[in-house]
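Understanding the architecture of this molecule
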Amino acid sequence: MKTTHRWLSIVEGCLLVALGLHILNSAGLLISGTAGVSMILLRLTDLSFGTLFFLLNIPFYILAWCALGRDFTIRTFASVSLLSALSELMKHYVIVSMHPGLSGALGGLLVGFGLIILFRHNASLGGLNILAVYLERQFSIHASKTTLLADILVLVAAIIFLDLSQLGYSLLAFLLLSSVVGRYHRPPKWAQNSLVDAKAN
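Reference entry: report on the structure contained in this document. (Residues numbered from 1 in each chain as written. Predicted model: local features only at pLDDT ≥ 70, side-chain atom pairs only at ≥ 80, totals over all residues. Heavy atoms only, no water.)

Re the environment of Leu 41
- Mapping Leu 41 onto the fold places it in helix 2 (residues 33–42).
- Residue classification places Leu 41 among the partly exposed residues on the basis of a relative accessible area of 28%.
- Those residues in contact with Leu 41 that sit more than four places away from it in its chain are Leu 52 and Leu 56. (Helix = DSSP H or I, 4+ residues; strand = E, 2+ residues; numbered from the N terminus. Buried < 20%, exposed > 50% of the residue type's maximum accessible area, 1.4 Å probe, protein only. Contact = heavy atoms within 4.5 Å.)

Structure below.
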């Protein structure tokens, strides 16, 4: 039952992230994390997005295997593969048309909540997410800080490729994603206390 619950949750998390990324892509907004880096490099090389994404993830998989364990790495590899497949399906079968401001807000929130589900079930979507989990576990650096810093660096690098409105809406998505991860990555103390009181009663 525990294994089934975990993998169903991972599938649900990947669905939320895939939908969020699809919404952002449909509005021409920047994708955060390693995928965002891959999209920037895609404009500078002849390699495909899939090849770039795979190559960028290699050192992070090694880090995950050595520092976070085999099971975490396997779940992360499965999550990345599932997200890739879902993204391809949504590209062909899901049509999204909305104001880019709403796209940025909704996309950022969906990706954030999807990542929370994955983090809570000891998985991630590779790349910078692995680094965020690793730094929190090893050095108590909150995952939201690492995620926000990485997203800002990606946004700065993308200045030459996006116009000002796209940069602004992308920044909105990044901020909302970081806010969600920061607030829900761990239950707040008042929620933990309420849970303890409920169990006691």
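Now, onward.
Some remarks on helix 1 (residues 2–26)
- Between its first and last C-alpha, helix 1 extends 36 Å over 25 residues, near the 36 Å set by a 1.5 Å rise per residue.
- Residues of helix 1 that are buried: Ser 9, Ile 10, Gly 13, Cys 14, Val 17, Ala 18, Gly 20, Leu 21, His 22, Ile 23 and Leu 24.
- The secondary structure elements touched by the buried residues of helix 1 are helix 4 (70–93), helix 5 (100–120) and helix 8 (164–184).
- Trailing helix 1 by a residue or two, Gly 28 shows a phi angle of about 75°, which is positive. (Expected span 1.5 Å × (residues − 1).)

Some remarks on the packing of helix 6 (residues 128–139) against helix 7 (residues 143–157)
- The N-to-C vectors of helix 6 and helix 7 enclose an angle of 145°; their axes lie 8 Å apart at closest approach. At the point where helix 6 passes helix 7, the crossing takes the right-handed sense. Contact with helix 6, carried on its side by Leu 128, Ala 132, Leu 135 and Glu 136, involves Ala 143, Thr 146, Thr 147 and Ala 150 of helix 7 and no other residues of that element.
- A per-class count over the contact of helix 6 with helix 7 returns five nonpolar, two polar and one charged. (Axes fitted to C-alpha atoms, helices over the stretch in contact; angles between N-to-C directions. Left-handed = near helix turned anticlockwise from the far one by under 90°. Nonpolar A, V, L, I, M, F, W, Y, C, P; charged D, E, K, R; others polar.)

Some words on the environment of Asn 57
- Mapped onto the secondary structure, Asn 57 falls in helix 3 (residues 49–68).
- The residues touching Asn 57, leaving out its near neighbours within four places in the chain, are Thr 34, Gly 126 and Gly 127.

Some thoughts on the pattern of salt bridges
- All told, the structure shown has one salt bridge when counted by the stated rule.
- The salt bridge involving Asp 71 is made with Arg 70; its shortest N-O contact spans 3.5 Å.
- Asp 71 sits in the partly exposed class, given a relative accessible area of 40%. (Salt bridge = Lys/Arg side-chain N within 4 Å of Asp/Glu carboxyl O.)

Regarding unusual backbone geometry
- Phi is positive for Asn 122, which is not a glycine, with a value near 55°.
- Mapped onto the secondary structure, Asn 122 falls in the loop between helix 5 and helix 6.
- Even without glycine at this site, Ser 140 takes up a positive phi of about 60°.
- Position of Ser 140 relative to the elements: it lies in the loop between helix 6 and helix 7.

Observations concerning the side chain of His 121
- Summarising the element assignment, His 121 is placed in the loop between helix 5 and helix 6.
- A relative accessible area of 15% places His 121 in the buried class.
- Ignoring sequence-local partners within four residues, the contact set of His 121 consists of His 5, Arg 6, Ser 9, Ile 10 and Arg 75.

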